[in-house]
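# Inside the fold
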Amino acid sequence: MTSTPGALVLFSGGQDSTTCVAWALSRYENVETIGFDYGQRHAVELTVRPPLLQKLRKLSPRWARSLGEDHLIDLSLISKISDTALTQNVEIAMQENGLPNTFVPGRNLLFMTVAATVAYRRGMKLLVGGMCETDFSGYPDCRNDTMQALENALNLGMASEFKIETPLMWIDKAATWKMARDLGGDALVDLIREDTHTCYLGERGTLHEWGYGCGKCPACELRARGYRQFRNYCA
Ligand code: ZN
């Protein structure tokens, strides 16, 4: 049983959310994770989650003690009610409104709201998400203002005192890699490089210096560029 209020981390199996799990583990005694099955085109994101959590536990005895339950929630309704390149088999492209068609409207709002419902049940007050306004591809639900407004709405609507924490909000991808190294050394960087999944196309054939992926989709490009910048800073 969770004895003290802990942190519930939105954990997709990607670079950002894995860094957020490590960030939470470095601060809090009780850390749980939550992930969502929403009919992603490539379920590889979901398959990397359990081994990642196991390997995070092996990086530190304290992390092993603090990392608790993982909640996997079925949100397949998203693919039924929205039309997006992440859930439909269509080319990734820009839309007329200036947003890429990988944008799933309301996704982060829904994820955070469901996370709050689970946190309420678990007696947890902290909700941690990897939203980032710096590299946010224009996704409006990654904005700090959006998350602050949602925190207010959740606290009003659930008569609670949730705090949404977004440790990556104002940093770029290179700084996210650096944060991982500061939190867990090269072992954590290597774990994120080899075991997390970011590629929109679900490609895991070739291990590049920055990890697995097609190398061409927007998610891979962002990740690869950030990794090279991180390595250049460190060189
Ligand atoms: Zn890719």
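In the block above lies the structure referred to throughout.
Everything in this summary refers to the structure shown in the same document. (Residues numbered from 1 in each chain as written. Predicted model: local features only at pLDDT ≥ 70, side-chain atom pairs only at ≥ 80, totals over all residues. Heavy atoms only, no water.)

### Focus on the nonpolar core
Core analysis: the biggest nonpolar cluster contains 65 residues, and Met112 and Leu127 have the highest contact counts within it. For this core, the leading source of residues is helix H7 (residues 173-195), giving 8 residues. Beyond its immediate sequence surroundings of up to four residues, methionine 112 is in contact with Leu10, Leu127, Gly129, Met131, Met147, Leu150, Leu154 and Ile164. (Core = buried A, V, L, I, M, F, W, Y, C linked by side-chain atoms within 4.5 Å. Buried < 20%, exposed > 50% of the residue type's maximum accessible area, 1.4 Å probe, protein only. Helix = DSSP H or I, 4+ residues; strand = E, 2+ residues; numbered from the N terminus. Contact = heavy atoms within 4.5 Å.)

### Focus: the pairing of strand S2 (residues 31-37)
Here S2 lies mainly inside the structure; 6 of its 7 residues are buried. Pairing geometry for strand S1 (residues 7-10) and S2, over 4 bridges, is parallel. Across the sheet, alanine 7 pairs through a bridge with valine 31, a residue of S2. In this fold, S1 hands off to helix H1 (residues 15-25), which returns the chain to S2; that crossover is right-handed. Bridge count between S2 and strand S3 (residues 67-74): 6 bridges; the pairing is parallel. Within S3, the residue paired with phenylalanine 36 across the bridge is isoleucine 73. (Pairing = 2+ DSSP bridges. Right-handed = clockwise from strand over helix to strand, strands pointing away.)

### Side note on helix H2 (residues 44-59)
The end-to-end C-alpha distance of H2, which contains 16 residues, comes to 23 Å, matching closely the 22 Å that a straight helix rising 1.5 Å per residue would cover. Turning to H2, its buried residues number three or more, namely Val44, Glu45, Leu46, Val48, Arg49, Leu52, Leu53 and Leu56. On its buried side, H2 packs onto H1, S2, helix H3 (61-66), S3 and H7. (Expected span 1.5 Å × (residues − 1).)

### What about the coordination of the zinc ion?
Taken together, the protein donors to the zinc ion comprise Cys199 (SG), Cys214 (SG), Cys217 (SG) and Cys220 (SG), at separations of 2.3 to 2.4 Å. Bound by 4 donor atoms, the zinc ion shows angles of 105 to 117° at the metal and therefore tetrahedral coordination geometry. Mapped onto the polypeptide sequence, the residues donating to the zinc ion form the spacing pattern C-x14-C-x2-C-x2-C. Of the two residues, cysteine 199 sits in the loop between H7 and strand S6 (207-208) while cysteine 217 sits in the loop between strand S7 (211-212) and helix H8 (218-234), which places them 18 residues apart along the sequence. (Donors = N, O, S within 2.8 Å, 3.2 Å for Na, K, Ca; no water. Tetrahedral: all angles 85-135°; square planar, octahedral: opposite > 155°, others 65-115°.)

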